[in-house]
Amino acid sequence: MTTTQYSLADVKKHNDKNSTWLVINNHVYDVTSYLLEHPGGEEVLLEHAGQECTEDFEDVGHSSDARELMQKYRIGELIESEHTTYVEKKKNLPTYNVDDFTSQRYGKYWLIPISVGIVAVILYHSYSRLR
Ligand code: HEM
């Protein structure tokens, strides 16, 4: 089976409500009939009409159901010379290092018992001198 090949210039012509094409992961989709059904709204699809929008599509974190559904709207592929590789952005998850965590949590708490000890010694000495 041969898949129809399109260039970005071909896709660019389908950039409004009458004909809405998108390029996602080097596949070409005609979402004209899906505009009103799209759970994210038609606006966002129209904003990307006629364009390569893999990054924005992936940023939304579309479900596997959405990925399955999109096959229905696939009409072809982007020509190979215009292929792009999508590199997933690193999510900014916090990373913890146990030592950092301990020092953040307990920081300079060791100063408290030492200070109390020093104050106690000073008080003891002053008190014994008074007697
Ligand atoms: C063939 C293309 C597309 C299909 C089949 C599709 C399908 C869906 C589906 C089924 C949902 C519901 C949530 C989910 O199941 O993930 C959704 C939500 C959404 N989509 Fe799409 N989508 C497409 C393209 C796009 C594009 C290009 C954008 C542009 C950024 C986009 C933006 C959104 C947004 C903003 C939501 C709402 C997310 C939320 O409310 O949390 N979609 N889409």
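As annotated in an unreviewed UniProt entry, the chain is Cytochrome b5 from Phaedon cochleariae. Per UniProt, the chain has the following entry under Sequence similarities (unreviewed entry): "Belongs to the cytochrome b5 family."

I'm lost on the site of the ligand in this one. Help?
Near the ligand lie 17 residues; those nearest to it are Tyr 34, His 38, Gly 40, His 62 and Ser 63. Contact between the ligand and His 38: a nitrogen atom at 2.8 Å from a side-chain N or O atom of the residue. The separation between a nitrogen atom of the ligand and a polar side-chain atom of His 62 is 2.8 Å. Looking at the shell around the ligand, the elements that each hand over two or more residues are helix H2 (42-47), helix H3 (54-60) and helix H4 (64-70). Among the elements that make up the shell around the ligand, the one with the highest residue count is H3 (three residues). For the shell around the ligand, the residue count by class is 11 nonpolar, five polar and one charged.

Please explain the UniProt feature "transmembrane region" (unreviewed entry) in the chain as it appears in this structure.
What UniProt calls "transmembrane region" (unreviewed entry) maps, in this numbering, to residues 109-127. Annotation note: span residues 109-127, helix share 89%, strand share 0%, distance between end C-alpha atoms 28 Å.

Honestly, the UniProt feature "domain: Cytochrome b5 heme-binding" (unreviewed entry) in the chain in this entry has me stumped. Any pointers?
According to UniProt, the feature "domain: Cytochrome b5 heme-binding" (unreviewed entry) maps to residues 3-79 in the numbering used here. Annotated as 32% helix and 27% strand, the span residues 3-79 places its first and last C-alpha atoms 10 Å apart.

When you look at the coordination of the iron atom of the ligand in this model, what are you seeing that I'm missing?
A four-donor tetrahedral metal ideally has 109.5 degree angles, and a six-donor octahedral metal ideally has angles of 90 or 180 degrees. The protein atoms that coordinate the iron atom of the ligand are His 38 (NE2) and His 62 (NE2), at distances of 2.0 to 2.1 Å. Classification of the site at the iron atom of the ligand rests on its six donor atoms, whose angles at the metal span 85 to 179 degrees, yielding the label octahedral. Linking His 38 in the loop between strand E4 (27-30) and H2 with His 62 in the loop between H3 and H4, this pair joins segments that are 24 residues apart in sequence.

Analysis parameters
- Residues numbered from 1 in each chain as written.
- Predicted model: local features only at pLDDT ≥ 70, side-chain atom pairs only at ≥ 80, totals over all residues.
- Heavy atoms only, no water.
- UniProt positions renumbered as here; feature names shortened; annotations may be inferred.
- Near = heavy atom within 4 Å.
- Polar contact = N/O pair within 3.5 Å; in protein donor to acceptor, adjacent residues only side chain to side chain.
- Helix = DSSP H or I, 4+ residues; strand = E, 2+ residues; numbered from the N terminus.
- Nonpolar A, V, L, I, M, F, W, Y, C, P; charged D, E, K, R; others polar.
- Donors = N, O, S within 2.8 Å, 3.2 Å for Na, K, Ca; no water.
- Tetrahedral: all angles 85-135°; square planar, octahedral: opposite > 155°, others 65-115°.

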